[in-house]
Amino acid sequence: FVAGEGPVLSVYRLKPRPKGCASLSVLHHYRIHGIRPRRWEPNVCDLAVFGGKAVRLVRFRVEDGEHLRLEVLGPLMELQDWALDVRWLSGGKQPLLCVALAHNSALLLDVTKGNAVVQRSCLEGCLLYSSLLLVHESWVDTVIVGGTVFNQLVLWKPGGGDKSGNPENKAQIERRLLGHTGVIFSISYLQEKGYLASASDDRSVRVWGVGTLGGPEGKCGDLNPVCLRILYGHQARVFSVRLSLGNIFSAGEDGTCLVWDWAGSGKVVRTLKGHRAGGVRALTVSEGEDARWVATGGADGGVRLWRVEGNEKKDTSWSQCKPVVCTDKGIVYQYSVGKWEVVWNGTPEFQSYCVMEMITITVKESTTKVDLCAVGNLSGCLQIFPMSNPQSGILLTCGSGKIHSLIWQKEKERAYLLASAAEGRVYRWCVETKFSETCSLALSITALPSFLLPSCAKRWLTAAVRLQRRSREVLWVCGDRRGSLLLFQERENSKQRKGDGDDEEGGPEGEGKGKLENEGSKEVHDLLLHPLSCLFGVHGKQGVTSVHEYQGLFYSTGRDGCRILILEPEKEEGREARFVIVGFHAVHFVVWDPVRQERLLAVPCGGGHRSWSLWPSHKGIWLGYGALVFIKQGAVLASQPPGEAMGWDGKTGKAGGTGLKDGVHGRGIGCVCRLGRITDFGNGNQANHWELVVTGGEDTSLSVLAVHPFSGNIKVLSVITDHISSIRTVTAIVRPEGGSESQSKPLSALLVSAGGRAQIQVYRLLIVWDGQRRAPSCQVIQVASHRLDKEWERRRNRHKMVKMDPETRLFSVNEAKGQIDLLWETFYHQRCVLSVATCSLEDDKGNRYKLLFSAATDGKIAVWNLTDSLSSSTDNLSSAATSPVPCLNVPAHQSGINSLAVWAEKMGQQQGSCLVTVASGGDDGQLTVSTIGVQHSEGGKIGSQVGFSQISESQPLLQKQLPCPDRLQIHLHSQCHIPLAHAAPLTALKVLRPDLLVSTSSDQRVCLWKVCSNSISHYGALCSHVADAAGLAVWESEEGNQKVKIGFESEQENAGRLKRDKETTDEKSGKEPVEVESETGDPVSKTTGEKEETGTSPRNQPENHCVGKPASAVKPETGLRERWALVCGQGFQLLRVKNPEMDAEKNGEKGKLDERIKVTLQEK
């Protein structure tokens, strides 16, 4: 399977399991719009890749039957118009390409020479939105179907037609198809049937009967083509359509791919939905003997694969499903063969009120399965019976009051039944089934000690789960109607201890068994177990709806949402599970995927507060299809008739398909933060590195991603959706949990995100390498959140004349208490503050100095000394500190400043001073570097800087009493500008090392800048295919076959080496600067125990040495430092900034990849 994203061509292997194998950047700054294969010989396939105004040939080779390789076959051929479709001509030995162009013309391209052999235009030279080339052996046989800007389909022959009376040699239109009311985005033709399909902006798909098109002599089909069907099913524009025998596949802006049975009813038979917001942009269908594959590419950057038919086994168990209901008359019915049958008729005590629950268990010492039903009533009576033989049921008693709820828990060949009765008592039994000597089914019931719930208004259980621990302890985690979570503990096979009803150490499970409840069982029920722990009202007042346990993590859901708790008795680290959320949203019953942020199933049923059951009912992975049985207005309804077999051709389809590449954000990405690196040492000495990043977007979600730099693989570890508006910025404090010497410990990060509606969210991330899945795994814990309350809203109302929020606020995050405290706020700028940055300094006496830099829409940078404010705030966090006044105001731009990058360095041998460099980029496209001198008032020497440590040190700084140092003297030392650094507003700026800056803009360039003491010089530029670039992360890393010390490398450790390498550079006067580790502008902290490493500086290299390379084209075998830049906007792209040390060995490959030619018409 071959796919294109931006200029990168990727190859995936589908069998035995889908995985990415190779990728190569082939179109430079053009985006790939199409791939056309041509078979040449076994294990080799030539591909024509086109997009924008470029075409390139790529060879795909299978080596040794296993290894896949991509290589370019020639230069990039640049056309004079946009290419809409490309096809290989099958006749002749010389490889020729037919190219359909955007202004209703076509050319014949000689790919060996890079020349256009012939070019011809249509007499109607309008703009096309789509085009389809139908080719045979020669240019004369070619037919073009174009979708015009005037909502029409036109057919014409570029190699034929009457040329008389046409001095410009333009081709006449042969056929014209009318009917669409919007522009046409995609065209597909089925030769076997003579059908043509078109997808349009008007949300429709139209099927036309056109007859035979193309082939020998270039037939143009029927003289009067007719529209056979008009298919409406998409909720937005339809971007792509594909025809196959019996089905139509269409994909659109609504994010769905619809499968139509156009040969039969003409209705949608299956909906494929696995992409996030943004729509499905690419669609392809593959016909095969054993299966048909459908692949979709979305605006979220994801690629998904479905298998829609073939030898895939269908699940027919739904057709055998027999729903069971209990009426207010105390009668249990079962639906079978199209009618209801009476299974059990209760006594008068079971009329007017009863509760019922069912479970399926295996008969003891047998493989037979049996359905057990339990029915309780108002008087405390409980009837248990098998559905196949209700006469063998047993009547139990649960006191004299109402039975509020029944809960079954299954474990191997037995089941546990919990009945919540009056006064908060929960009766329990262990139920087993076995065959008697006469081969009849018999029940064996064991009474267990009862649970006693805490006193509250709604004192009954709504969910429970039984956990068997390694220490042979049995835990019960229960949820009640009050919203509390309760923990009960008991030990198996211990002797029962008789006692009164107040015995807190009531013994566990009893040993006496009997078919009917007897005196012994009553004594067992009198033993009460009190909860060992209680989280009162953790799910509010509406109750707990379910509880589950998975690998040491406990999941509970309620009407207020979903929570994850870690069970303390289990010491091993838990791995968060992939799960779906089932519940009601408005009038729909919904199955929701929280990672992909999509509905897997939606059934209109009228909303909650009704009895319902979801099939398949077994726990585990969501199969992708299902049916809901529910009660509405006294009637039993099903979302799909039980008599029909529900297989892969069901209407819901297998949810999500197979993910070849995970989607990230369906809308624009506004910010990115690199957490560090995680390393897998599972393949011997070869280390497998994954970069960990967090992105925030306009879709209000945060995505925790693991990116493999050399293969381009992306794994979505977690998606956080607590923001209510777009996310504007994100940063993190990262440290390896338990030290940096062991890779077995998780990587811990305190993540802070902020966005619209003045909302701040703080999370604790724990990232660990999962050895079973051979991939990173992430656990997310919410720490605190903040939004403007009513008091702050009233304060803001004092400034009604200002229609924006000009305030600068300083907060303190207390992770232990889970809260965010406001320290101070100020209205100094009186304008929108667009960016902030911090710098931390430390003198030889251990005094720390905090500087804050804030930039607003007036183009000025304010410098604040926060040292006194932070020192005074440690005395009393409850009272806000006095708002400071800026020490310096630096004019830097003519308009708003979008990004700041700050770093500090010593000022030679001068006593008590250092220089802080502030780089800024603004809406005026200018890059400004301001150098600020910092002098201690007493002349004491200020030692080496700590780095940008506001966030990383803010928490320990507030918890530790700091000396209150004297005030600093801050002045502007020097300033230099690059007026037109970018052709558009500069949106992001990062520090790769103290003398090298990286900037990006919406002009789709990533520029590198050399920074000296009094000047800035352009060092190189990379082209990115990401539109509207808004976020940037840069770093340096070491690759190669050398020994790696740690399994996790945090961003602080990476930037800590930057500081030590910089000090080494300063000590080596008269020598070339050393290569230093990168820094992204995030907080840093000191690290020790690592060797300093040196390299060759690119300072004296020519400017063109900084070039972008595709990640896959670089093999991690050089042992040199790699520089990376991650650009985010409408999508994201990982760029490799080439090292000058690798120029000599890579010049040949670089020249081959960068070679390009202009396609011109060959002169006759």
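Residues numbered from 1 in each chain as written. Predicted model: local features only at pLDDT ≥ 70, side-chain atom pairs only at ≥ 80, totals over all residues. Heavy atoms only, no water.

Draft legend 1. Seen up close, the overall build of the protein. Secondary structure summary: the protein contains six helices and 82 strands in total. Across the protein, every contact between residues at least 6 apart in sequence was considered, and the portion connecting residues at least 24 apart equals 55%. Taken as a whole, the protein presents about 51,000 Å² of accessible surface, with 48% of it coming from carbon and sulfur. (Helix = DSSP H or I, 4+ residues; strand = E, 2+ residues; numbered from the N terminus. Contact = heavy atoms within 4.5 Å. Areas by Shrake-Rupley, 256 points an atom, 1.4 Å probe, with all protein chains shown as cover.)

Draft legend 2. Structural context of the pairing of strand β69 (residues 888-891). Residues Leu-888 and Val-890 point to one face of β69 and are all buried, whereas Asn-889 and Pro-891, pointing to the other face, are not buried. Taken together, the four bridges between strand β68 (residues 860-865) and β69 define a ladder with antiparallel strand orientation. Note on β69: the bridge partner recorded for Ala-862 is Asn-889. (Buried < 20%, exposed > 50% of the residue type's maximum accessible area, 1.4 Å probe, protein only. Pairing = 2+ DSSP bridges.)

Draft legend 3. Local environment of the confidence of the model for the protein. Mean pLDDT over the protein works out to 77, with 74% of the residues at or above the 70 mark. Every residue in residues 566-574 scores below 50 in pLDDT, and together they form 15 contacts with partners more than four places removed in sequence or on other chains. Confidence drops under a pLDDT of 50 for residues 647-655, and excluding neighbours within four residues, the segment shows 34 contacts in the predicted structure. (pLDDT = per-residue confidence, 0-100.)

Draft legend 4. Examining the pattern of salt bridges more closely. The final tally for this structure, using the stated rule, is 21 salt bridges. For Asp-46, the salt bridge goes to Arg-59, with nearest N and O atoms at 2.8 Å. Here the residue Asp-46 occupies a position in strand β5 (residues 44-51), and Arg-59 occupies one in strand β6 (residues 54-63), the gap between them amounting to 13 residues. Summarising the burial analysis for this pair, Asp-46 and Arg-59 share the class buried. One continuous salt-bridge network, built from bridges that share partners, spans Arg-61, Glu-63, Arg-69 and Glu-71. (Salt bridge = Lys/Arg side-chain N within 4 Å of Asp/Glu carboxyl O.)

Draft legend 5. The arrangement of the UniProt feature "repeat: WD" (unreviewed entry) in the protein in detail. Under the UniProt annotation, "repeat: WD" (unreviewed entry) lies at residues 177-208, 231-261 and 289-316. With 0% helix and 59% strand, residues 177-208 has its two end C-alpha atoms placed 9 Å apart. Along residues 231-261, the helical share is 0% and the strand share 61%, with 10 Å between the first and last C-alpha atoms. (UniProt positions renumbered as here; feature names shortened; annotations may be inferred.)

Draft legend 6. Fine view of the pairing of strand β37 (residues 405-411). For β37, a buried count of five out of seven residues is recorded, marking the element as mostly surrounded by other parts of the structure. Direction of pairing for β37 relative to strand β38 (residues 414-420): antiparallel, over a ladder of seven bridges. Within β38, the position partnered with Ile-407 by the bridge is Leu-418.

Draft legend 7. Inspection of the nonpolar core at higher detail. Leu-382, Ile-384, Cys-398, Leu-406, Trp-408, Leu-417 and Trp-429 are the most contacted members of the largest nonpolar core, which totals 28 residues. Secondary structure elements with two or more residues in this core: β33 (355-362), β34 (369-376), β35 (381-386), β36 (394-397), β37, β38, β39 (425-435) and β40 (441-452). No other element matches the four residues that β40 contributes to this core. Of all hydrophobic cores here, the second largest spans 25 residues; its members include Cys-673, Val-704, Ala-732 and Trp-769. (Core = buried A, V, L, I, M, F, W, Y, C linked by side-chain atoms within 4.5 Å.)

Draft legend 8. Just the packing of aromatic side chains, in detail. According to the stated counting rule, one finds 15 aromatic pairs in the structure shown. Ring centres of Trp-344 and Phe-350 lie 5.2 Å apart, and the angle between their planes is 90 degrees; on these two criteria the pair is classed as edge-to-face. In this structure Trp-344 comes out as buried when scored by relative accessible area, which is 11%. Members of the aromatic cluster, connected to one another through ring pairs, are Tyr-416, Phe-451, Trp-476 and Phe-488. Above the ring of Trp-82, the side-chain terminus of Lys-53 is found at 5.2 Å from the ring centroid. (Phe/Tyr/Trp six-rings, centres within 6.5 Å; stacked < 30°, edge-to-face > 60°. Lys NZ or Arg CZ within 6 Å of the ring centre and 35° of its normal.)

Draft legend 9. Expanded view of the sheet that holds strand β31 (residues 331-336). Strand order in the open sheet formed by three strands is β30-β31-β32, and the pairing between neighbours is antiparallel. The strands lining the two open edges of the sheet, one partner per strand, are β30 (324-326) and β32 (339-345). Across this sheet, the average inter-strand angle for adjacent strands is 30 degrees, counted without regard to direction. As judged from the three bridges shared by β30 and β31, these two strands associate in the antiparallel manner. Bridge pairing in β31 places Val-325 opposite Tyr-333. (Axes fitted to C-alpha atoms, helices over the stretch in contact; angles between N-to-C directions.)

Draft legend 10. Summary view of the environment of His-982. In this structure, His-982 sits in the loop between β73 (968-978) and β74 (986-993). Residue classification places His-982 among the buried residues on the basis of a relative accessible area of 3%. Once the C-alpha coordinates of His-982 and Ser-999 are considered, the two residues, 17 residues apart in sequence, prove to be 8.8 Å apart. When neighbours within four sequence positions are excluded, His-982 is seen to be in contact with Gly-925, Ser-999, Thr-1000, Ser-1001, Asp-1003, Arg-1005 and Cys-1007. In terms of polar contacts, His-982 uses its side chain to reach the side chain of Ser-999, at 2.8 Å. (Polar contact = N/O pair within 3.5 Å; in protein donor to acceptor, adjacent residues only side chain to side chain.)

Draft legend 11. Expanded view of unusual backbone geometry. Residues other than glycine seldom take positive phi values, yet Glu-423 does so here, at roughly 60 degrees. With respect to the secondary-structure elements, Glu-423 resides in the loop between β38 and β39. Residue Glu-423 is classed as exposed on the basis of its relative accessible area, which comes to 69%. Look at His-609: it is not a glycine, yet its phi comes out positive at around 60 degrees.

Draft legend 12. Spatial organisation of the sheet that holds strand β18 (residues 195-200). With respect to topology, four strands assemble into an open sheet ordered β17-β18-β19-β22, the strand pairing being antiparallel. With partners counted over all chains shown, the strands left at the sheet margins are β17 (184-190) and β22 (226-232), one partner each. With strand direction ignored, the average angle separating the axes of adjacent strands in the sheet is 20 degrees. As judged from the five bridges shared by β18 and strand β19 (residues 204-209), these two strands associate in the antiparallel manner. Counted as the bridge partner of Ser-198 is Arg-206 from β19.

Draft legend 13. Representation of a nonpolar patch on the surface in the model. Side chains of Trp-82, Leu-127 and Tyr-129 sit close together on the surface and give an oily, nonpolar patch of about 290 Å² of accessible area. For Tyr-129, the location among the structural elements is in strand β13 (residues 128-134). Of the residues examined, Tyr-129 reaches a relative accessible area of 38% and is grouped as partly exposed. (Patch = residues over 30% accessible without salt bridge, like charges linked within 9 Å, V, L, I, M, F, W, Y side chains within 5 Å.)

Draft legend 14. Quick peek at the state of the cysteines. What the rule picks out here adds up to zero disulfides. Looking at Cys-122, it has no disulfide partner, and the nearest cysteine sulfur is the one in Cys-126, 7.3 Å off. Since its relative accessible area comes to 1%, Cys-122 is described here as buried. (Disulfide = S-S within 2.5 Å.)

Draft legend 15. Broad picture of the environment of His-525. Here His-525 lies in helix α1 (residues 519-526). C-alpha separation for the pair His-525 and Leu-448, spaced 77 residues apart in sequence, amounts to 6.2 Å.

Draft legend 16. Examining the environment of Ser-701 more closely. Checked against the element boundaries, Ser-701 lands in the loop between β57 (686-697) and β58 (702-707). For Ser-701, a relative accessible area of 1% corresponds to the buried category. It is 7.2 Å that separates the C-alpha atoms of Ser-701 and Asp-722, two residues lying 21 residues apart in sequence. Engagement of the side chain of Ser-701 in a polar contact is seen with the side chain of Asp-699, the distance being 3.0 Å.

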